[in-house]
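Chain by chain, the residues run as shown.
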Amino acid sequence: MPLHHAVLALLTRRPNHGYELKARFEEAVGPQWGGLNIGHLYQILERLVRDGYVSRSQVTQTDRPDKNLYTLTEAGEAELHSWATTAWVRVGGFRDELFLKLLGAVALGPQALTTLIDSQRQTYLSELAGLAQQRRAHADEPLVAVLIDAAIAHTKADLGLLDSAAQHLGPLATAQSAQAPERSHAQGDTDEADGHGRMRGDRTESA
């Protein structure tokens with residue numbers, strides 16, 4: 001539950017209400033993560049309260065509706081410490097749509113593979129240019145800068161993957177292309193034979 005623990009981390013400094021937590025989260029992680037849906041955030045807070053990691057109190061306001069204030073509990077701090085000091089282990093595999101696109105391009109042949117790789121390379125280069133701009137804009141925000149650096153490193157690795165794909169999948173795409181006419185020719189022979197069979201049958205029946 002990474003977002004749950006991120007909320008606990010934000011509450012270590014001081015109690016907050018929902019919209020303050022939303023703003024602080026988005027400020028802390030920067031544009032690479034994306035916005036935090038307020039409805040989802042309140043669901044997280046409800047669960048944290050239920051689990052005893054956060055307490056909730058109501059603050060009366062004279063000129064506005066009352067608001068809920070959320071405070072980190074001792075159990076929440078212990079949970080945060082346990083999570084934040086434990087190595088992250090990938091459990092979901094690498095489910096990048098690019099791999100499925102490579103599967104499709106290989107099936108279509110070398111020209112399709114080359115088109116995909118060239119197009120994807122330009123996309124990654126554009127992403128790198130945008131990330132470089134973001135990095136300069138957030139140079140004074142260490143946590144945001146680290147996240148952008150991670151995005152840059154990931155995108156550069158993806159560029160390297162394209163070179164590997166061209167090298168290793170090119171021969172496979174060529175082989176697939178070579179087999180395609182054979183399949184079409186074999187199918188055509190079958191259809192022609194079936195057609196003759198039907199015609200012979202028709203002549204037999206008419207005779």
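Residues numbered from 1 in each chain as written. Predicted model: local features only at pLDDT ≥ 70, side-chain atom pairs only at ≥ 80, totals over all residues. Heavy atoms only, no water.

Trainee: Can you tell me about the overall build of the protein chain, naming the residues and giving the values?
Mentor: Of the regular secondary structure elements, the protein chain holds seven helices and two strands. When the helices and strands of the protein chain are read in sequence order from the N terminus, they spell out α-α-α-β-β-α-α-α-α. Each of the 207 residues in the protein chain was classed as buried or not, and the buried ones make up 26%. Nonlocal contacts in the protein chain, meaning residues at least 24 apart in sequence, comprise 57% of its contacts between residues at least 6 apart. In the form shown here, the protein chain has an accessible surface area of approximately 13,800 Å², with 55% of it arising from carbon and sulfur atoms. (Helix = DSSP H or I, 4+ residues; strand = E, 2+ residues; numbered from the N terminus. Buried < 20%, exposed > 50% of the residue type's maximum accessible area, 1.4 Å probe, protein only. Contact = heavy atoms within 4.5 Å. Areas by Shrake-Rupley, 256 points an atom, 1.4 Å probe, with all protein chains shown as cover.)

Trainee: So what's going on with the packing of aromatic side chains? Residues and values would help.
Mentor: Across all of its chains, the model carries one aromatic pair by this definition. Between tyrosine 19 and tyrosine 42, the aromatic rings sit 6.5 Å apart at their centres with planes inclined by 75°, giving edge-to-face as the arrangement. Placement of tyrosine 19 in helix α2 (residues 18-29) and of tyrosine 42 in helix α3 (residues 38-50) is noted, with a sequence separation of 23 residues between them. Classification of tyrosine 19 by relative accessible area gives exposed; the value is 52%. (Phe/Tyr/Trp six-rings, centres within 6.5 Å; stacked < 30°, edge-to-face > 60°.)

Trainee: Break down the pattern of salt bridges for me, citing the residues and quoting the values.
Mentor: In this structure the tally under the stated criterion is seven salt bridges. Where lysine 22 meets glutamate 26, a salt bridge forms, and the shortest distance between an N and an O atom there is 2.5 Å. Of this pair, lysine 22 and glutamate 26 are both found in helix α2, four residues apart, which corresponds to roughly one turn of the helix. Given a relative accessible area of 27%, glutamate 26 falls into the partly exposed group. Among the salt bridges present, the one from arginine 50 reaches aspartate 51, with a minimum N-O distance of 3.6 Å. Several salt bridges share partner residues, and in doing so they unite Arg47, Arg50 and Asp51 into one network. (Salt bridge = Lys/Arg side-chain N within 4 Å of Asp/Glu carboxyl O.)

Trainee: Would you mind going over the nonpolar core in detail, with residue names and values included?
Mentor: Core analysis: the biggest nonpolar cluster contains 19 residues, and Val7, Leu8, Leu11, Leu21, Leu41 and Leu48 have the highest contact counts within it. If you list the elements that add at least two residues to this core, you get α1 (2-10), α2, α3 and β2 (67-72). When residues of this core are assigned to their parent elements, the largest contribution, five residues, is made by α3. By size, the runner-up hydrophobic cluster in this structure holds 18 residues, among which are Tyr124, Ile148, Ala151 and Ile152. (Core = buried A, V, L, I, M, F, W, Y, C linked by side-chain atoms within 4.5 Å.)

Trainee: Would you mind going over the environment of threonine 174 in detail, with residue names and values included?
Mentor: Inspection of the secondary structure puts threonine 174 in helix α7 (residues 142-206). Put simply, threonine 174 and glycine 109 are 65 residues apart on the chain and 5.8 Å apart in space, counted from C-alpha to C-alpha.

Trainee: Go over the packing of α1 against α2 with me, naming the residues and quoting the values.
Mentor: Here α1 crosses α2 at 100°, and the two axes come no closer than 10 Å. Between α1 and α2, the interaxial angle falls into the category roughly perpendicular. Between α1 and α2, the contacting residues are Leu3, Ala6, Val7 and Leu10 on the first element and Leu21, Arg24 and Phe25 on the second. Looking at the contact of α1 with α2, its residues break down into six nonpolar, no polar and one charged. (Axes fitted to C-alpha atoms, helices over the stretch in contact; angles between N-to-C directions. Parallel < 35°, antiparallel > 145°, perpendicular 65-115°, else oblique. Nonpolar A, V, L, I, M, F, W, Y, C, P; charged D, E, K, R; others polar.)

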